[in-house]
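What the coordinates show
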Amino acid sequence: MPTSASAAGRGPAAPMTAIRFILVFGLISALMDMVYEGARSVTGPFLGALGASALLVSVVTGAGEAVALVLRLVFGRLADRPGLRWALAISGYALTAVSVPLLGITDALWVACLLVLAERLGKAVRSPAKDTMLAEAGSALGQGKAFALHEALDQVGALLGPLLVGVALAPLP
């Protein structure tokens, strides 16, 4: 079970309750989904503005999905090692948190394409570890409840991200 830091440095760290862990991880997932789903909603037009053809946009986004799915097999085996789970989850989220803002400021097509792939790599790195830790926390709460609660929070972020991008990019009246 995941643990939290002790309050104000007093005493040993107390175990984090399963519901608190699921809620915190769900909130992190919601915020990250806002970031990467918002960016994904405009990836095609953005790459097009940098000079990408429809074929290149399709190849890059398809390759990104392949990276996200196939490499989960590799990182899933690593997530079976309890000592690596936090490192994988944090590094996967960090890769996404760095690559998406960089995508927004690049003006080079090849860099943008690599950043799209890097964002999807972040998903491949973090997902197995995150799911494994959620399954462990779910054993105390009920795995169906744990995954449902986490997924609900995750999907709120997936909905809000593209909506916020749309509002931000909408022309002013």
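None of these values were measured; they are calculated from a predicted model.

A general feature of soluble globular proteins is that nonpolar side chains tend to end up buried together. Judged by nonpolar contacts, the single largest core of 15 residues is most densely connected at Phe21, Ile22, Phe25 and Leu88. Considering each element in turn, this core owes the most residues, six residues, to helix H5 (residues 109-141). In this structure Leu88 touches Phe75, Leu78, Ala79, Val125, Arg126 and Ala129, once residues within four positions along its chain are discounted. Formed by ten residues, the second largest nonpolar core is a distinct cluster that contains Val60, Leu109, Ala112 and Leu115.

Within a pair of aromatic rings, the relevant descriptors are the distance that separates the centres and the angle that separates the planes. As enumerated under the stated definition, the model contains four aromatic pairs in all. Ring geometry for Phe21 against Phe25: centres 5.1 Å apart, planes inclined by 20°, an arrangement best described as stacked. Of this pair, Phe21 and Phe25 both sit in helix H1 (residues 18-40), separated by four residues, roughly a single helical turn. Each of the two residues, Phe21 as well as Phe25, counts as buried. With a centroid separation of 5.8 Å and 85° between ring planes, the pair formed by Phe25 and Trp86 is classed as edge-to-face. Taken together, the residues Phe25 in helix H1 and Trp86 in helix H4 (residues 85-105) connect sequence positions 61 residues apart. The exposure class assigned to Phe25 is buried, which follows from its relative accessible area of 4%. Put simply, the rings of Phe21, Phe25, Trp86 and Tyr93 touch in pairs and so form one group of aromatic residues.

Per the counting criterion, the structure on display carries six salt bridges. The shortest N-O distance in the salt bridge between Glu65 and Arg40 comes to 2.7 Å. Within this pair, whereas Glu65 is found in helix H3 (residues 54-79), its partner Arg40 is found in helix H1, the two being separated by 25 residues in sequence. Arg85 is the partner of Glu136 in a salt bridge, and the nearest nitrogen-oxygen pair spans 2.5 Å. Remark: Arg85 occurs in helix H4 and Glu136 occurs in helix H5; sequence separation between them is 51 residues. Take Glu136: its relative accessible area is 34%, and that puts it in the partly exposed class.

Right, let's get into the environment of Lys145. Considering the arrangement of structural elements, one finds Lys145 in helix H6 (residues 143-169). Taking the C-alpha atoms as reference points, Lys145 and Ile19, separated by 126 residues in sequence, lie 9.7 Å from one another.

Turning to the side chain of Thr106, a few remarks are in order. Mapped onto the secondary structure, Thr106 falls in the loop between H4 and H5. A polar contact of 3.3 Å, which involves the side chain of Thr106, links it to the backbone nitrogen of Ala108. Ignoring any residue separated from it by four or fewer positions in sequence, one finds Thr106 in contact with Phe46, Leu50, Val111, Ala112 and Leu115.

The end-to-end C-alpha separation of H4 is 31 Å, in line with the 30 Å expected for 21 residues at 1.5 Å each. For H4, the complete set of buried residues consists of Arg85, Leu88, Ala89, Gly92, Tyr93, Thr96, Ser99, Val100 and Leu103. Along the axis of H4, the buried positions cluster into a sector of 135°, meaning they face one direction only. Facing away from the buried side of H4 by more than 90 degrees, the exposed set consists of Ile90 and Ile105. In this fold, the buried residues of H4 make contact with H1, helix H2 (43-49), H3 and H5.

Okay, the confidence of the model for the protein chain next. Looking at the protein chain, pLDDT values average 89 and 91% of them are 70 or higher. Here residues 1-13 is modelled with pLDDT under 50, and outside its nearest four sequence neighbours on either side it reaches 20 contacts, counting other chains as well.

Definitions and limits used
- Residues numbered from 1 in each chain as written.
- Predicted model: local features only at pLDDT ≥ 70, side-chain atom pairs only at ≥ 80, totals over all residues.
- Heavy atoms only, no water.
- Core = buried A, V, L, I, M, F, W, Y, C linked by side-chain atoms within 4.5 Å.
- Buried < 20%, exposed > 50% of the residue type's maximum accessible area, 1.4 Å probe, protein only.
- Helix = DSSP H or I, 4+ residues; strand = E, 2+ residues; numbered from the N terminus.
- Contact = heavy atoms within 4.5 Å.
- Phe/Tyr/Trp six-rings, centres within 6.5 Å; stacked < 30°, edge-to-face > 60°.
- Salt bridge = Lys/Arg side-chain N within 4 Å of Asp/Glu carboxyl O.
- Polar contact = N/O pair within 3.5 Å; in protein donor to acceptor, adjacent residues only side chain to side chain.
- Expected span 1.5 Å × (residues − 1).
- Arc of directions from axis to C-beta.
- pLDDT = per-residue confidence, 0-100.

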